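Descriptive structure summary
The primary structure of each chain is shown beneath.
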Amino acid sequence: MKLSYLALPVVTAACLLTAGCASHTAYYAPPPPPAGYNSVPPLIERADQVGFRSGTEDGGRDAYNGFGYHPQHDRKFHSTPGYDSALGPYEPYRDAFRRAYLRGYDQGFHRG
């Protein structure tokens, strides 16, 4: 009799504890994206590199020579050098080049 009074609470507690654990869902981290998934297209990468370098040079030159801050008046801003038609259409290159040029010009002008 004494054994049943002790065994009943132990068995009940064991059942409740193990049943509660089985109902939880396991969560796992998602797999990493495939290689090249978030990569920048070569056309935009080139426009960013060439535009930033050109803008930095022109901004530094304008600051050194005492010219005002006028990045959109420089020839390179309008001619967008470095375009290669093999990489893709001109308009996305032009837009990316000009954004990078303005960032570079600002940095070059204020450092100079």
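Up top you'll find the structure we're talking about.
Summary of the structure given here. (Residues numbered from 1 in each chain as written. Predicted model: local features only at pLDDT ≥ 70, side-chain atom pairs only at ≥ 80, totals over all residues. Heavy atoms only, no water.)

**Notes on the overall build of the protein chain**
Scanning the protein chain from N- to C-terminus turns up four helices and zero strands. Per-residue burial over the protein chain gives 21% buried out of 112 residues. Considering only residue pairs separated by 6 or more positions, the protein chain has 72% of its internal contacts joining residues 24 or more positions apart. By element, 63% of the accessible surface of the protein chain is carried by carbon and sulfur atoms, the whole surface being about 8,400 Å². (Helix = DSSP H or I, 4+ residues; strand = E, 2+ residues; numbered from the N terminus. Buried < 20%, exposed > 50% of the residue type's maximum accessible area, 1.4 Å probe, protein only. Contact = heavy atoms within 4.5 Å. Areas by Shrake-Rupley, 256 points an atom, 1.4 Å probe, with all protein chains shown as cover.)

**Re the nonpolar core**
In terms of nonpolar packing, the biggest core is built from 10 residues, these being Leu43, Ala47, Val50, Phe77, Tyr93, Ala96, Phe97, Tyr101, Tyr105 and Phe109. When residues of this core are traced back to their parent elements, those giving at least two are helix H2 (42-64) and helix H4 (90-111). No other element matches H4, which puts six residues into this core. Residues contacting Ala47, with those up to four places away along its chain left out, are Phe52, Tyr93, Ala96, Phe97 and Ala100. (Core = buried A, V, L, I, M, F, W, Y, C linked by side-chain atoms within 4.5 Å.)

**Section: the environment of Tyr101**
The topology assignment puts Tyr101 in helix H4. According to the relative accessible area criterion, Tyr101 is buried, its value standing at 0%. Separated by 29 residues in sequence, Tyr101 and Gln72 have C-alpha atoms that sit 9.3 Å apart. Of the polar contacts made by the side chain of Tyr101, one reaches the side chain of Asp74; its length is 3.0 Å. (Polar contact = N/O pair within 3.5 Å; in protein donor to acceptor, adjacent residues only side chain to side chain.)

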